Protein chains: 2
Amino acid sequence: MRLTEDRNAKGVRHRGFVVGRDEEEIPGALWTPIEPEGAALPLVLIGHGASGSKHQDYVRSLARALVLRHRVAAAAIDGPVHGDRREDGGQDGQRQFLDFAAAWSSDSTLTDGMVADWRATLDALLALDELGGPVGYWGLSMGTILGLPFVAADARVSAAVLGLMGLTGPTRERLGKDAARIDCPVLFLVQWSDELFPRSAAFELFDAIGSSDKRMHANPGTHGMVPDEEFRHSGEFLAERLVTVG
Amino acid sequence: MRLTEDRNAKGVRHRGFVVGRDEEEIPGALWTPIEPEGAALPLVLIGHGASGSKHQDYVRSLARALVLRHRVAAAAIDGPVHGDRREDGGQDGQRQFLDFAAAWSSDSTLTDGMVADWRATLDALLALDELGGPVGYWGLSMGTILGLPFVAADARVSAAVLGLMGLTGPTRERLGKDAARIDCPVLFLVQWSDELFPRSAAFELFDAIGSSDKRMHANPGTHGMVPDEEFRHSGEFLAERLVTVG
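Caption draft 1: Just the relation of the copies chain A and chain B, in detail. Overlaying chain A on chain B yields an RMSD of 0.0 Å, the required transformation being a rotation through 180 degrees with an accompanying axial translation of 0.0 Å. A rotation of that kind, with that shift, is consistent with a two-fold axis. No C-alpha of chain A lies nearer the rotation axis than that of His217 of chain A, which sits 2.2 Å from it. Mapped onto chain B, 100% of the interface residues of chain A again fall at the interface, so both copies present the same surface.

Caption draft 2: A look at the pairing of strand S6 (residues 131-139) of chain A. Residues and elements named next belong to chain A. For S6, a buried count of 8 out of 9 residues is recorded, marking the element as mostly surrounded by other parts of the structure. Two strands pair when backbone bridges link them, and S6 and strand S7 (residues 157-163) are joined in this way by 4 bridges, in the parallel orientation. Across the sheet, residue Tyr137 finds its bridge partner in S7, namely Ala160.

Caption draft 3: Summary view of the interface of chain A and chain B. Taken together, the contacts link 19 residues of chain A with 19 residues of chain B. Regarding the contact of chain A and chain B, the summed buried area is about 1,500 Å², with carbon and sulfur atoms giving 50% of it. Counting every contact that joins chain A to chain B gives 8 salt bridges. For Arg241 of chain B, the salt bridge identified is with Glu229 of chain A, shortest N-O distance 2.7 Å. Our count for the contact surface shared by chain A and chain B stands at 11 residue pairs in polar contact (both at pLDDT 80 or more). Counting only elements with at least two residues in the side of chain A that touches chain B, the list comes to helix H7 (199-208), strand S9 (214-219) and helix H8 (228-245) of chain A. In terms of residue class, the side of chain A that touches chain B is made up of 6 nonpolar, 4 polar and 9 charged. When S9 of chain A meets strand S9 (residues 214-219) of chain B, the two strands line up antiparallel, connected through 3 bridges. Following the sheet pairing, His217 of chain A is matched in S9 of chain B by His217 of chain B.

Caption draft 4: Representation of the nonpolar core within the structure. Leu45, Phe188 and Met216 of chain A together with Leu45, Phe188 and Met216 of chain B are the most contacted members of the largest nonpolar core, which has 107 residues in total. With sequence-adjacent residues up to four places away left out, Phe188 of chain B is seen in contact with Leu162, Gly163, Met165, Ala202, Leu205, Phe206, Ile209, Arg215, Met216 and His217 of chain B.

Caption draft 5: Quick peek at empty space enclosed by the protein. Tallied over the entire structure, the rule returns 2 cavities of 30 Å³ or more. Approximately 50 Å³ is the volume found for the largest cavity. Looking at the largest cavity, the residues that line it are Gly47, His48, Gly79, Met114, Trp118, Tyr137, Met142, Gly143, Leu146 and Gly147 of chain A. At the level of secondary structure, the elements contributing two or more residues to the lining of the largest cavity comprise helix H3 (110-126) and helix H4 (142-145) of chain A. Split into classes, the residues belonging to the lining of the largest cavity amount to 5 nonpolar, 5 polar and no charged. Reported here for the second largest cavity is a volume of approximately 40 Å³. What lines the second largest cavity is Gly47, His48, Gly79, Met114, Trp118, Tyr137, Met142, Gly143 and Leu146 of chain B. Where the lining of the second largest cavity is concerned, the elements lending two or more residues are helix H3 (110-126) and helix H4 (142-145) of chain B.

Criteria and thresholds
Each chain carries its own residue numbering, running from 1 in the direction its sequence is written. Note on labels: chains are lettered from A, ligands numbered from 1, in written order. It should be noted that, the model being predicted, local features are given only for residues of pLDDT at least 70 and side-chain atom pairs only at 80 or more, the latter also being counted only at that level, while totals for whole chains, interfaces and linings use all residues. To get the side-chain values, all heavy atoms of the structure are used, and hydrogens and water are removed first. Least-squares fitting of one copy onto the other uses the C-alpha atoms of those residues that reach a pLDDT of at least 70 in both copies. Contacts: residue pairs with any heavy atoms within 4.5 Å of one another. Here the term buried applies to any residue with accessible area under 20% of the maximum for its type, exposed to any over 50%, and partly exposed to those in between, with areas from a 1.4 Å probe on protein chains only. Strands are runs of DSSP state E lasting at least two residues, helices are runs of H or I lasting at least four, and both sets are numbered from the N terminus onward. Each pair of strands is called paired provided DSSP finds at least two bridges between the two strands. When two components associate, each loses some accessible surface as probed by a 1.4 Å sphere; the sum of these losses over both components is called the buried area. Criterion for a salt bridge: a side-chain nitrogen of Lys or Arg within 4 Å of a carboxyl oxygen of Asp or Glu. Counting of polar contacts relies on pairs of N or O atoms within 3.5 Å, with two restrictions inside protein: one atom must be capable of donating a hydrogen and the other of accepting it, and residues adjacent in sequence are counted only when both atoms are side-chain atoms. We call Asp, Glu, Lys and Arg charged. Ala, Val, Leu, Ile, Met, Phe, Trp, Tyr, Cys and Pro are nonpolar, and the rest, Gly among them, are polar. Residues belong to one nonpolar core when they are buried, are Ala, Val, Leu, Ile, Met, Phe, Trp, Tyr or Cys, and are joined through side-chain atoms within 4.5 Å. Cavities and pockets were defined on a 1 Å grid built over protein atoms only: a cavity is a set of grid points that admits a 1.4 Å probe from which the probe cannot escape, a pocket is an open set flanked by protein on both sides within 12 Å along at least five of seven lines, and lining residues are those with an atom within 4 Å of any such point. Grid points are joined across faces, edges and corners, and a volume is the space filled by probe spheres set on the points.

So this is what it looks like as structure tokens:
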């Protein structure tokens, strides 16, 4: 892991990093308390949605809330064809969205690649002195498409927030199989009038999740209208579980 | 309003009362802080489910949590054919359940009677010195069948927890119309494998609720398996709204 940035902003230490995996460089960001106070901090990995990046507003604000309200560290990496993985640094949201849609349809290694990226990132982060507590995952939409398989694959993840996705799309079958393997506590979010992934498909994916300890929160509105309340709830949900595990 | 009981138990003042309405005596219970400290307290009205009563475990424990954790008063009344409205005082849960089912099917005044009971009870309670803050309603299953119409009818209710019910049953049409008139914040609870009111009907009722500020929480399990987490959430939900309104 190579640090690209290290600064304090409004009470939170923010580091930029790059993790190498095979030929790939994975660009990431890490948020921790300025004074970690010795104990091994819990860590939440945040998977952004299509068209976004590790630095988009809701990723940053969720990460800051985890650190400041719950003393839980947070990290995010750019997904495939997003952010600093692109030559243009991810300026064009719509372009990234379309590139992701194309890759999702045509690149059969997309999911396994992102699972490997998350695992390599987690390996590197857990080697840091102040980390080493329980690990959670938070990712909606593309963050579920590529993150649910990671949650299923990596036993270090002990709580997850997933959603804005259904048993649908090019990797539908894979998602269903991986969902069945998940056994950690899950909060699953649904937008009632989701225009990308209809709620009926979301209900199927929720149903497929193997965990007995799961719950679904549904809110009115379209795909992008997740209310602030659910960001707050999901932070509290993860913090509570990770502290219980730890 | 006539007091039938007044005692302090484990940090909470508990009063029994009877409110008269026409020929009817409505038996109720009120939970308040032992030291109300002057301010007009918010109040949550709790409608129990079929086979239960104003004194059943979850009513009492929700009421105590509202008082102790949130400094919100709580009150419950026995529903029709339940509790102290019966000669036997409501000893036989199954008998009450069957009597309610029969009344629901055959007595066209059942809903209006309970709405009038709640309104008379609220009039009487708000005349007490320590009450007078914002009012919320909490009721699942029969507590929604008979309580949703009250929430729709009484503008004093400014937040509600409803659920374990769908657009189904003898009063289906009335429920749909009343749901559309509700415009306060609503938390709607669904049990994923509800054997009494299937989730598809619950989704329809959630959909019918007129409020833009609404959310649905769904949990695994059958009708009676609402997890403790949702009792806690729903108390927090109401307390937050009532304090915001006040």
